[in-house]
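Listed below are the residues making up each chain.
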Amino acid sequence: MPLLGCIADDFTGATDLANTLVKGGMSAVQVIGVPDGPLPEADAVIVALKSRTAPVAEAVRDSLAACDALLAAGARQIFFKYCSTFDSTPEGNIGPVADALVRRLDAGFALACPAFPTNGRTVYQGHLFVGAALLSESGMENHPLTPMRDANLVRVLGAQTDGAVGLVPFATVARGTAETRRAMTRLKESGRRYAIVDAITDAHLLTIGEAAAQHPLITGGSGVALGLPANFRAAGLLPERDAAALPPVAGHAAVLAGSCSRATLGQIGFARDHLPTLELDVLTTPDADALQRQALDWMDGKLGDMPVLIAASAPPDKVAALQQRLGRDAAGALVEETLAGIAAALVARGVRRLVVAGGETSGAVVSRLGVRSLRIGPEIDPGVPWTQAELPDDASGIHLALKSGNFGARDFFLKAFDG
Ligand code: ADP
């Protein structure tokens, strides 16, 4: 039975939260989409939705369905995870989803804190900063889907909810857990449904987490989850063990790259000298079937313990040329389809340890393989853990590392398979 049930409004946010909880000593499984069966065993279950920019009614419906599944499994506390830049519009979806969860849990109140100091997101006097800039001057004011033109979160959340929003200021949080808890209780008693809570350092997040130990619902970025494992440990509910341990798998190793970011291009450049490497030339052969055939012929006889690397990644001039020829979306879709097909072929040929580079590329691979859940394991580099992916016809699953394009050190593709 999960101690903490989490609802995340996007996929990578869910992984980020799960990774934070595992580092805090809670085992964590990320479930993809509203669960349709029994939940996996873990201290924390994180349901990854695509509700950040979905229509409000759909976001509310899916979040409530996720909440019900988590409660039915026995979750003691619900965490609604959104982006550390509070990505939303005046219509939602943070406010309407939080409203629905507050009602479903009969909570009356929830704190809201997107702060993530490690990534430069801090909240001071209710204002969200990205590095030294106010959210509204950070570039986020030009976001294509969720432009953030006001950094005052009391106002931003206030526009999205019919409930009242208060503030627990920095000075209160700095005085510690008891003061912070009292401030939140006072706000609740005075009729506020939410409190934006200031946090500038991880120490503040630990204070906030401890102060919210008894709250049925917590809302925020993954930072505010830093303090939650300690609550369950203090209550004697969380045994000491290696939360990142994954059941071993036996099978071949491979890396698939579809990210064209500078970090990934550097990682391919490094790995080329050490691993059997196939670089697909999408510009010469803009055809998914033909590219997949090339990859299948090439991998024949090469699969084993030593990873193979198959990359579609290309430098900016080649990407621009393909985009010019096919259009941007079609170019991306062609490469994603190609790599997803190759991933399926690799797994069919016995690959059980697979690194995928690229956010969209990872989404395409996860969806083609029919991955239902990811148990979070040890971190390879900051923000990129190994996971155990449950596949439809294979309960023991495969080890999968999904790397956002810009993450990871230069030797990532080798390091991932060390030890
Ligand atoms: P990142 O995490 O670096 O943003 P993504 O996988 O999210 O990586 O995005 C990279 C996009 O570039 C994908 O849509 C991928 O299909 C596309 N792509 C990969 N290789 C090429 C290429 N050679 N030409 C054009 N587009 C490409």
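As recorded in an unreviewed UniProt entry, the protein chain goes by the name 3-oxo-tetronate kinase, listed as coming from Roseomonas acroporae. One UniProt comment on the protein chain, placed under Function (unreviewed entry), says "Catalyzes the ATP-dependent phosphorylation of 3-oxo-tetronate to 3-oxo-tetronate 4-phosphate." Taken verbatim from the UniProt record of the protein chain, the Sequence similarities (unreviewed entry) comment is "Belongs to the four-carbon acid sugar kinase family."

To continue, consider the overall build of the protein chain. Per the secondary structure count, the protein chain includes 14 helices and 18 strands. Taking 419 residues into account, the globule formula puts the C-alpha radius of gyration at 22 Å, and the protein chain, at 22 Å, falls close to it. Taking the principal axes of the C-alpha coordinates as reference, the protein chain spans close to 70 × 45 × 35 Å. For the protein chain, with 419 residues in total, the buried portion stands at 56%. Total accessible area computed for the protein chain in this model is approximately 17200 Å², and 52% of it derives from carbon and sulfur atoms. Each charge class in the protein chain was averaged separately, 36 positive and 44 negative side chains, and the resulting centres sit 3 Å apart.

By convention, interface size is frequently given as the accessible area that disappears when the constituent parts associate. You can read the domains of the protein chain as domain 1 (4–234) and domain 2 (252–415). The centre of domain 1, based on its C-alpha atoms, is set 32 Å off from the matching centre of domain 2. Summing the contributions of domain 1 and of domain 2, the shared interface buries around 1000 Å²; its carbon and sulfur component is 59%. Together, Asn19, Gln30 and Ile32 form the three largest contributors to the area buried by domain 1 at its contact with domain 2, with a combined 40%.

We now examine the sheet that holds strand S7 (residues 127–130). The strand order S6-S7-S8 describes an open sheet built from 3 strands, whose pairing is antiparallel. Because the sheet does not close on itself, it has two edges, and the strands there are strand S6 (121–124) and strand S8 (133–134). With 4 bridges joining them, S6 and S7 adopt antiparallel strand pairing. Within S7, the residue paired with Val123 across the bridge is Leu128.

What follows deals with the site of the ligand. Within the structure, the ligand sits among 18 residues, and Ser259, Glu336, Gly359, Glu360 and Thr361 are positioned closest to it. Between Gly332 and the ligand, the recorded distance is 3.0 Å, taken from a backbone N or O atom to an oxygen atom. Its free accessible area being 570 Å², the ligand has 82% of it covered by the protein chains. Mapped by element, the contributors of at least two residues to the shell around the ligand are helix H11 (316–326), helix H12 (328–348) and helix H13 (359–369). When its residues are assigned to classes, the shell around the ligand shows 6 nonpolar, 10 polar and 2 charged.

With that settled, consider the nonpolar core. Core analysis: the largest hydrophobic core is formed by 83 residues, its most contacted members being Leu4, Leu21, Ile46, Phe79, Phe86, Leu111 and Ile208. Excluding residues that lie within four positions of it along the chain, Phe79 makes contacts with Leu4, Gly5, Cys6, Ile7, Leu17, Ile218, Gly220, Gly221, Val224, Ala225 and Leu228. By size, the runner-up hydrophobic cluster in this structure holds 36 residues, among which are Leu278, Leu334, Val371 and Leu402.

Let us now look at the packing of helix H2 (residues 56–72) against helix H3 (residues 94–104). The geometry of H2 relative to H3 is characterised by a closest axis approach of 9 Å and an angle of 35° between their N-to-C directions. As H2 runs across H3, the sense of the crossing is right-handed. Taking contact as the criterion, the partners of Val56, Ala59, Val60, Ser63, Leu64, Cys67 and Asp68 in H2 are, on H3, Pro96, Val97, Ala100, Leu101 and Arg104. The residue makeup of the contact of H2 with H3, split by class, is 9 nonpolar, 1 polar and 2 charged.

Looking now at the UniProt feature "domain: Four-carbon acid sugar kinase nucleotide binding" (unreviewed entry) in the protein chain. Look at the UniProt record and you will see "domain: Four-carbon acid sugar kinase nucleotide binding" (unreviewed entry) annotated at residues 254–413. Helix and strand shares over residues 254–413 are 42% and 28% respectively, and the end C-alpha atoms of the span are 9 Å apart.

A few words on the UniProt feature "domain: Four-carbon acid sugar kinase N-terminal" (unreviewed entry) in the protein chain. As recorded in UniProt, the sites labelled "domain: Four-carbon acid sugar kinase N-terminal" (unreviewed entry) are residues 4–227. Helix makes up 34% of residues 4–227 and strand makes up 22%, while its end C-alpha atoms are separated by 12 Å.

Turning to unusual backbone geometry, a few remarks are in order. Residue Gly92 is joined to Asn93 through a cis peptide bond whose omega torsion reads 10°. A positive phi angle is found at Phe86, which is not glycine, with a value near 55°. The backbone phi angle of Gln125 is positive, close to 50°, even though this residue is not glycine. With respect to the helices, strands and loops of the structure, Gln125 is situated in the loop between S6 and S7. Among the residues examined, Gln125 registers a relative accessible area of 37% and is labelled partly exposed.

Tallied over the entire structure, the rule returns 18 salt bridges. Arg155 is the partner of Asp150 in a salt bridge, and the nearest nitrogen-oxygen pair spans 2.8 Å. Across the pair Glu279 and Arg272 runs a salt bridge, and its minimum N-O distance is 2.7 Å. Overall, Arg272 belongs to the partly exposed group, its relative accessible area being 43%.

Looking at where Asp393 falls in the secondary structure, it is placed in the loop between strand S17 (384–391) and strand S18 (394–403). The exposure class assigned to Asp393 is exposed, which follows from its relative accessible area of 79%. Between the C-alpha atoms of Asp393 and Thr89, which are 304 residues apart in sequence, the distance is 40 Å.

Attention shifts here to the environment of Leu246. Tracing the backbone shows Leu246 in the loop between helix H8 (228–234) and strand S12 (252–257). Between the alpha carbons of Leu246 and His399 there is a distance of 8.7 Å; along the sequence they are 153 residues apart. Not counting chain neighbours up to four residues away, the residues in contact with Leu246 comprise Arg375, Ile376, Gly377, Pro378, Trp386, Thr387, Gln388 and His399.

Thresholds, definitions, all that
Residues numbered from 1 in each chain as written. Predicted model: local features only at pLDDT ≥ 70, side-chain atom pairs only at ≥ 80, totals over all residues. Heavy atoms only, no water. UniProt positions renumbered as here; feature names shortened; annotations may be inferred. Helix = DSSP H or I, 4+ residues; strand = E, 2+ residues; numbered from the N terminus. Rg over C-alpha atoms; globule rule 2.2 N^0.38 Å. Buried < 20%, exposed > 50% of the residue type's maximum accessible area, 1.4 Å probe, protein only. Areas by Shrake-Rupley, 256 points an atom, 1.4 Å probe, with all protein chains shown as cover. Lys, Arg positive; Asp, Glu negative; His and termini not counted. Charge placed at Lys NZ, Arg CZ, Asp CG, Glu CD. Domains from an automatic or database assignment. Buried area = accessible area lost by both parts, 1.4 Å probe. Pairing = 2+ DSSP bridges. Near = heavy atom within 4 Å. Polar contact = N/O pair within 3.5 Å; in protein donor to acceptor, adjacent residues only side chain to side chain. Nonpolar A, V, L, I, M, F, W, Y, C, P; charged D, E, K, R; others polar. Core = buried A, V, L, I, M, F, W, Y, C linked by side-chain atoms within 4.5 Å. Contact = heavy atoms within 4.5 Å. Axes fitted to C-alpha atoms, helices over the stretch in contact; angles between N-to-C directions. Left-handed = near helix turned anticlockwise from the far one by under 90°. Salt bridge = Lys/Arg side-chain N within 4 Å of Asp/Glu carboxyl O.

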